[in-house]
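# Structural characterization, general
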Amino acid sequence: MANVQLRGIRKAYGSFETIHGVDLDIVDRDFVVLVGPSGCGKSTILRLIAGLEDITAGDMFIDGKRVNADPPSKRGIAMVFQSYALYPHMSVRDNISFGLDLAKVPKERIAAKVAEAARQLELTPLLDRLPRQLSGGQRQRVAIGRAIVRDPKVFLFDEPLSNLDAGLRVQTRLELAKLHRDMKATTVYVTHDQVEAMTLADRIVVINAGQIEQIGTPMELYNRPANLFVAGFIGSPRMNFIEAARIGETSCATIGVRPEHINVSAESGRWQGTVIHAEHLGADTNLYLDCGDKGLLTVRLFGEQRYGTGDVLHLSPVEDAVHRFNAEGRAIGR
Amino acid sequence: MPKSVKTGLFWLLVVAICLYALFPFYYAIITSLRPPADIFTVNYFPGKPTTDNYVGIFKEQNFAVNIFNSLLVSGAVTLISLGLGVTAAYALGRIQFAGRGLLLTTILSVSMFPQVAVLSGMYELVRVMGLYNTPGAMIFSDLLFTLPFTVWVLTTFVKGLPKEIEEAAIVDGATPLIIIRRVFLPLLAPAMVTTGLLAFIGAWNEFLFALTFTIDSNERTVPVAIAFISGATKYDLPWGRIMAASVTVTLPLIVLVLIFQRKIVAGLTAGAVKG
């Protein structure tokens, strides 16, 4: 296992630069999730680590060795692709063993490793099937099996769950978390889904427009977002932003309050608003309120609530959970 | 219109199309089975069939040698076309480089020139390379029209293969040649069979180059040999033998198509099923 270091990594296609100087230290055995909106460059960073794209500028180290010029197979990485990318004409067994076969690993050792991976991923009865005879979840496990048998220093996952249906996604997420605990491998995982990021990651790297916005543990990002982008991206429903001037604050430009950090009362509170829509989810109730010049605010209440459209409510933010941002969008420490 | 009339018209059309497609071949077969004396009486049934014509072309002419030449030329052309075609298709379909579109268009434009236009130039090339009057001359020149479409069709298929499969192979440590041989070739097999068969048929039926670049009857391929079949006198055109020869050389093609029929159908529907 190994750590991964990115130093001033840039990627340009012709004169068009998509990654603008990324510095990142991934510690040995960490599960790091790269998260960001589509087109932010998170997949490109993963492919740069894998060696599927050439690095335009900067240095990449895996296990202390500079790998800029090394082909993917020499970097000690294994990758799981979004579409699984199984070889359609090969059996599950051949799919898993292809890399070992190319590396001229002795036959008995290949057989042993394939058997071990199949046992771990519950693929043993499927070894002689073709990929088209498998379900989506099974294909995903074959793709993971193909990665495991190479004993990589670093696992790379490119949105591995986005082709699965919702139920299977949660189940596979659990399996991935367990797999990471068992393998103790350094893992870099790309997703646009912040729930996946929050649930799987030791550390999250939030990326926007080819740059890192913030690096931190899930709770650091949730409790102390460094800027407006991270504050708005992490957390669902999204954080409420209010222009500070409109509520008489002068110490900052924007204040942010998460929907779950607003108390609701029928009698009194700091702000007043009319419910324009209510979402009853059972465990939670999301209220969308029109608060006049403060704009549209979202409130998340726990449990079942009787509020409905048209109700006039008073809102009070939990004071020590209010985030303040300056004119550049940077968080002001509190 | 009542349903029975519709069905009747449909089958009438089917019969008409079959007649149109098959009658020339049928007439060739029965002509080849008739004795020379009966040739010029119109008759739609063989009457008393005879194999004299078939025996004749093998006994009195070197037709077996000609068939061998044709097999050699067509086989070599097919293999070379597929070998060069699939490697070129990998480069053209997968690797980004400057002038790729221009190169593809150039390859296509090569096949736009009529054979006659390039004949004299090809003749010079063939003579300089010392291939004149050898099967090599035909193999070399037939590539002129088999390669462009092989490259084009295979490039389209290579472009259709998911890029992630190739990248997975790269991560697994496969070199470009291993990717082509162990990942792409099995996936391209239906396309290879279809293009290979078309290349084979094209080379098998090629006439002009084969006529121009050979002088000995022992070096001729089948289409030229058939054109040179002569009768007892210079006024005698032996239709029976010509037809017998034609039928003989069409059979291998039919057999090939029948053998690869399943693969061809698989090739036509290959893109429809998501792997």
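Reading the values: the criteria
- Residues numbered from 1 in each chain as written.
- Chains lettered and ligands numbered in written order.
- Predicted model: local features only at pLDDT ≥ 70, side-chain atom pairs only at ≥ 80, totals over all residues.
- Helix = DSSP H or I, 4+ residues; strand = E, 2+ residues; numbered from the N terminus.
- Contact = placed C-beta atoms within 7 Å.
- Buried ≥ 20, exposed ≤ 12 C-beta atoms within 10 Å, placed from the backbone.
- Domains from an automatic or database assignment.
- Nonpolar A, V, L, I, M, F, W, Y, C, P; charged D, E, K, R; others polar.
- Pairing = 2+ DSSP bridges.
- Axes fitted to C-alpha atoms, helices over the stretch in contact; angles between N-to-C directions.
- Parallel < 35°, antiparallel > 145°, perpendicular 65-115°, else oblique.
- Left-handed = near helix turned anticlockwise from the far one by under 90°.
- Core = buried A, V, L, I, M, F, W, Y, C linked by C-beta atoms within 7 Å.
- pLDDT = per-residue confidence, 0-100.
- Expected span 1.5 Å × (residues − 1).
- Bend = angle between axes of the 7 residues up to and from the residue.

## Section: the overall build of chain A
The helix and strand tally for chain A stands at eight helices and 19 strands. Over its C-alpha atoms, taken along the principal directions, chain A stretches across nearly 75 × 45 × 30 Å. Counted over contacts in chain A with a minimum sequence separation of 6, partners at least 24 positions apart contribute 63%.

## With respect to the overall build of chain B
Counting its secondary structure elements, chain B contains 11 helices and zero strands. Scanning chain B from its N terminus toward the C terminus, one meets helices and strands in the order α-α-α-α-α-α-α-α-α-α-α. Out of the 275 residues belonging to chain B, those deemed buried represent 32%. Within chain B, contacts between residues separated by at least 24 positions form 76% of all contacts whose residues are at least 6 apart in sequence.

## Regarding the domain arrangement of chain A
Residues and elements named next belong to chain A. Each domain of chain A was delimited in the assignment, giving domain 1 (4-227) and domain 2 (237-332). Here domain 1 and domain 2 have C-alpha centroids that lie 38 Å from each other. Each side of the interface is counted separately: domain 1 has four residues, and domain 2 has five residues. Looking at side-chain class alone, the side of domain 1 that touches domain 2 contains two nonpolar, one polar and one charged residues.

## Some details on the sheet that holds strand β5 (residues 65-66) of chain A
Residues and elements named next belong to chain A. On the basis of which strands lie adjacent, the open sheet formed by four strands has the order β2-β1-β4-β5 and antiparallel pairing. Two strands in the sheet have a free side with no partner beyond their single neighbour: β2 (16-26) and β5. Judged from the eight bridges that link them, strand β1 (residues 4-13) and β2 form a sheet pairing that is antiparallel. Across the sheet, residue L6 finds its bridge partner in β2, namely L24.

## Looking at the interface of chain A and chain B
One frequent convention defines the size of an interface as the accessible area lost when the parts assemble. Taken together, the contact between chain A and chain B spans 18 residues of the former and 15 residues of the latter. Secondary-structure elements contributing two or more residues to the side of chain A that touches chain B are β6 (77-80) and α2 (92-102) of chain A. By residue number, the principal contributor to the side of chain A that touches chain B is α2(A), which donates three residues. Residue composition of the side of chain A that touches chain B, by class: 13 nonpolar, four polar and one charged.

## Observations regarding the pairing of β1(A)
All names here are of chain A. As judged from the five bridges shared by β1 and strand β4 (residues 57-62), these two strands associate in the antiparallel manner. When the bridges of β4 are listed, L6 appears paired with M60. Counted along the chain from β1 to the antiparallel partner β2, the turn is two residues long, and its residue G14 has a positive phi close to 65°.

## What to know about the packing of α2(A) against helix α4 (residues 136-148) of chain A
Residues and elements named next belong to chain A. The interhelical angle for the contact between α2 and α4, taken along N-to-C directions, is 30°, at an axis separation of 7 Å. Viewed along their axes, α2 and α4 adopt a mutual orientation that is roughly parallel. Handedness of the crossing formed by α2 with α4: right-handed. Contacts between α2 and α4 involve V92, N95, I96 and G99 on the former and, on the latter, V142, G145 and R146. Here the residues of the contact of α2 with α4 sort into three nonpolar, three polar and one charged.

## Focus: the sheet that holds strand β13 (residues 262-265) of chain A
All names here are of chain A. With respect to topology, five strands assemble into an open sheet ordered β13-β17-β14-β15-β16, the strand pairing being antiparallel. Of all strands in the sheet, those with a lone pairing partner are β13 and β16 (296-302), marking the two edges. Within this sheet the neighbouring strands show an average axis-to-axis angle of 45°, counted without direction.

## Quick notes on the nonpolar core
Ranked by size, the top nonpolar core spans 111 residues in total, and within it A:V33, A:L34, A:I49, A:M79, A:A143, A:L156 and A:V188 carry the most contacts. Top element by residues in this core is helix α8 (residues 176-205) of chain B. It accounts for eight residues. Contact partners of A:L34, with chain neighbours within four places excluded, come to A:K42, A:I45, A:L46, A:V188, A:V190, A:V205 and A:I207. Core analysis: the next-biggest nonpolar cluster, separate from the first, contains 26 residues, B:F63, B:A210, B:V222 and B:I226 among them.

## Comments concerning the confidence of the model for chain B
All names here are of chain B. Here chain B shows a mean pLDDT of 86. Residues at 70 or above account for 95%. When pLDDT is averaged over each element of chain B, helix α3 (residues 63-94) comes out on top at 92 and helix α11 (residues 239-269) at the bottom at 79. Scored as a complex, the prediction yields pTM 0.79 and ipTM 0.85.

## A look at the environment of A:V230
Residues and elements named next belong to chain A. Checked against the element boundaries, V230 lands in helix α8 (residues 228-233). Residues V230 and I207 lie 23 residues apart in sequence; the distance between their C-alpha atoms is 8.9 Å. Residues in contact with V230, not counting those within four places in the same chain, are V206, E213, Q214, L221 and P225.

## Focus: the packing of α3(B) against helix α6 (residues 135-160) of chain B
All names here are of chain B. Between α3 and α6, whose axes approach to 6 Å, the crossing angle comes to 35°. Considering how the two elements wind past one another, α3 and α6 form a crossing that is right-handed. For the contact of α3 with α6, the class distribution of residues is 20 nonpolar, seven polar and three charged.

## Focus: helix α5 (residues 115-128) of chain B
Residues and elements named next belong to chain B. End to end, α5 covers 19 Å across 14 residues, agreeing with the expected 20 Å (1.5 Å per residue, within 8%). In the structure, α5 departs most strongly from a straight axis at G121, where the bend amounts to approximately 35°. Directly after α5, the chain includes G130, whose backbone phi takes a positive value near 70°.

## What about unusual backbone geometry?
The general pattern is negative phi for most residues beyond glycine and trans for most peptide bonds. All names here are of chain A. Following S236, the chain continues to P237 via a peptide bond in cis, the omega torsion being -5°. If you check the backbone angles, Y84 has positive phi at about 70° while not being a glycine. In this structure, Y84 sits in the loop between β6 and α2.

## Some points on the pairing of β4(A)
Residues and elements named next belong to chain A. Of the pairings in the sheet, the one linking β4 to β5 comprises two bridges and is antiparallel in character. Of the residues in β5, the one forming a bridge with F61 is R66. Remark: two residues form the turn of the hairpin made by β4 and β5, two consecutive strands paired antiparallel; D63 in that turn has positive phi of roughly 60°.

## Brief notes about the confidence of the model for chain A
The share of residues in chain A with pLDDT of 70 or more is 99%, and the mean pLDDT across the chain is 91. No element of chain A has a lower mean pLDDT than helix α5 (residues 166-183) of chain A, which averages 88, and none a higher one than strand β3 (residues 31-35) of chain A, which averages 95.

## Points about the environment of A:I212
All names here are of chain A. Here I212 shows up in strand β10 (residues 211-216). In the structure, I212 is positioned 193 residues away from I19 in sequence and 9.5 Å away in space, judged by C-alpha atoms. In this view, I212 contacts V22, L24, V205 and I207; residues no more than four positions away in its chain are not counted.

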